[in-house]
Amino acid sequence: MEKTTIKELINLLEQELIRIGYKESTLHYYRENWKRLIAYFDERGEQFFSEKTAMQYVDEKCDFFAKEKAGLLTQSNIYLLRIVRMIGDFQEHGTVLRRYQRSLSKVDKAENLKLLSNFKEHCKTVDYSASTQKSYCRTAENFLSFIEAHDSSVKEINAKTLAAFVKTLMGYSYKTVEFVLCGTRAFLRFLYGSKVLTTDLSDSLPRMQARKQTRIPSVWNKEDLLKLLAAIDRGNPCGKRDYAIILLVARLGLRCIDVKHLTFANFNWNDNYLEFSQSKTGWLVRLPLLNDVGWAVIDYLQNGRPVSDSPVIFLRHIAPIEPFSDSDHLCQMIVKYMRMAKLPVSGKKKVGMHSLRHTLATVLMEQQTPIQEIANILGHQSTESTPTYLESSLNLLRECSLSPEVE
């Protein structure tokens, strides 16, 4: 689509959004932004879309780059960026990538919907974890949408098709690309095993050399973590909920998704322990219910939790009153209290819920807790994942350093 004018390109993009089921209200919002973007290009005498000019428009419109550096981007700023990137990706790949829409199915054809349904059942039978099942099925859906967007059929998939699909992953993190390739490979094996494809094309996808935990985990120092907790207003319902959630992650090392899935049945108050099946591994984990964590949860249940029949402990406090969605990583909760505590927020250091797990692991290592015990607490499938937290501890790294006199 390189020779397509920006007006023609946006018209084709609109037709694709209609095809995959975008709501009229969303399309209206997009059209208004597209009009302003086209006018910006017209003012500069540019007939064809270029991401450079489009990003200049975004920056002039909302001071995007300065806000991004300061950690002050609003949701409307991010939506504007998505609209621009959507046009660029559609120009490059002829499809709408998954980062722009998560709630609607992007598969139209009945035969592809049936394949997707069968693949979901297949993922259950091979005993993938719940989170892997969800991710692999989402990858399969994106792949099928890519096929439909190019007016092709599953039976026509070949190495060239796969190469074009892989190009749509440009710009994603190494870990994301690796996982999407794994999911696509699993789907291709399923298609071959189901005799939809006569050739196993899973080996046609590029292989990425595993490089687990190459990035040093983000951790908190004790002073900043105490400031974060102190900034939480425990006098209101939301504060009680947020305080309990953050303590569960920081003190017991729960994954964010497991905190969101906790029910009343997971808490044994008589014997003071918490027991649940991990979403990532399916393993049953039992952890001691520390006093501060237990009392924080009790305070929320007695004095903060909205009236609801849901068995899930932690709920949203605005209508509709319901549990958090699996896609909500709650990082906005951490950022909110960081700003209240006047702690620096920047893109250089990740400050999501997972950083609190990293901090707990690092503290446990510095306390000489055995690796296997730390792995059990964090729910790691292998102890190979745990020593990476050594990299985030300067104290332990100093102990590991060699004396220059050692030969």
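One can find the structure itself at the top, above this paragraph.
Notes on the structure follow.

Rules of the game
Along each chain, numbering runs from 1 in the same order as the chain's sequence is written. Since the coordinates come from a predicted model, pLDDT governs what is reported: local features require at least 70, and pairs of side-chain atoms require 80 or more to be given and counted, while whole-chain, interface and lining totals use all residues. In computing side-chain values, all of the structure's heavy atoms are included and hydrogens and water are not. Side-chain rings of Phe, Tyr and Trp (the six-membered ring for Trp) are treated as a pair once their centres are within 6.5 Å; stacked means planes under 30 degrees apart, edge-to-face means over 60, and tilted covers the remaining angles. Secondary structure elements are defined from DSSP: runs of H or I of at least 4 residues count as helices, runs of E of at least 2 residues count as strands, and each element is numbered from the N terminus. Remark: a charge is flagged as sitting over a ring if the NZ atom of Lys or the CZ atom of Arg is within 6 Å of the ring centre and within 35 degrees of the ring normal. Strands are treated as partners if at least two bridges between them are detected by DSSP. By nonpolar core we mean a set of buried residues, namely Ala, Val, Leu, Ile, Met, Phe, Trp, Tyr and Cys, connected to one another through side-chain atoms within 4.5 Å. The classification of residues rests on relative accessible area computed with a 1.4 Å probe and restricted to protein chains. Under 20% of the type maximum is buried, over 50% is exposed, and intermediate values are partly exposed. Note on contacts: a residue pair qualifies if any of its non-hydrogen atoms lie within 4.5 Å across the two residues. The disulfide criterion is simple: two cysteine sulfur atoms within 2.5 Å.

This paragraph deals with the packing of aromatic side chains. For the coordinates displayed, the defined rule picks out 15 aromatic pairs. Their ring planes at 25° and their centres at 5.5 Å tell us that Tyr-300 and Phe-314 sit as a pair that is stacked. Here Tyr-300 is found in helix α13 (residues 291-303), whereas its partner Phe-314 is found in the loop between α13 and α14 (331-340), with 14 residues between them in sequence. Across the ring face of Tyr-243, the terminal group of Arg-234 is positioned such that the distance to the ring centre comes to 3.9 Å. One residue, Arg-286, lies across the ring of Tyr-273, its end atom 3.8 Å from the ring centre.

We now examine the sheet that holds strand β3 (residues 284-288). Ordered in space as β1-β2-β3, the 3 strands form an open sheet in which the pairing is antiparallel. On the outer flanks of this sheet lie β1 (267-268) and β3, each paired with one strand and no other. Bridge count for strand β2 (residues 273-277) against β3 is 5 bridges, and the pairing is antiparallel. Residue pairing in the sheet places Tyr-273 in a bridge with Pro-288 of β3.

Formed by 44 residues in total, the largest nonpolar core has its most connected members in Ile-246, Phe-314 and Met-353. Secondary-structure elements contributing two or more residues to this core are α10 (222-230), α11 (237-252), α12 (256-261), β2, β3, α13, α14 and α15 (353-366). Considering each element in turn, this core owes the most residues, 9 residues, to α11. Other than its neighbours up to four places away in sequence, Ile-246 contacts Leu-228, Leu-229, Ile-232, Met-333, Ile-334, Tyr-337, Met-353 and Leu-356. In terms of nonpolar packing, the next biggest core, distinct from the first, is built from 30 residues, Phe-119, Leu-188, Leu-191 and Leu-201 among them.

The next subject is the environment of Lys-134. Relative to the elements of secondary structure, Lys-134 occurs in helix α7 (residues 130-149). For Lys-134, a relative accessible area of 43% translates into the label partly exposed. The spatial distance from the C-alpha of Lys-134 to the C-alpha of Cys-123 is 9.0 Å, given a sequence separation of 11 residues.

Looking now at the state of the cysteines. Two cysteines whose sulfur atoms are joined by a covalent bond form what is called a disulfide. In the structure shown here, the tally under the stated rule is 0 disulfides. The thiol sulfur of Cys-137 is not disulfide-bonded, and the nearest other cysteine sulfur, from Cys-123, lies at 4.3 Å.

Sheet topology places β1 next to β2; 2 bridges connect them, and they run antiparallel. Directly across from Asn-268, in β2, lies its bridge partner Tyr-273. In textbook terms, the turn of a hairpin is the stretch between consecutive antiparallel strands, and for β1 and β2 this stretch comprises 4 residues, one of which, Asn-272, has a positive phi near 55°. Here β2 hands over to β3 after 6 residues, with Gly-282 in that stretch at a positive phi of 80°.

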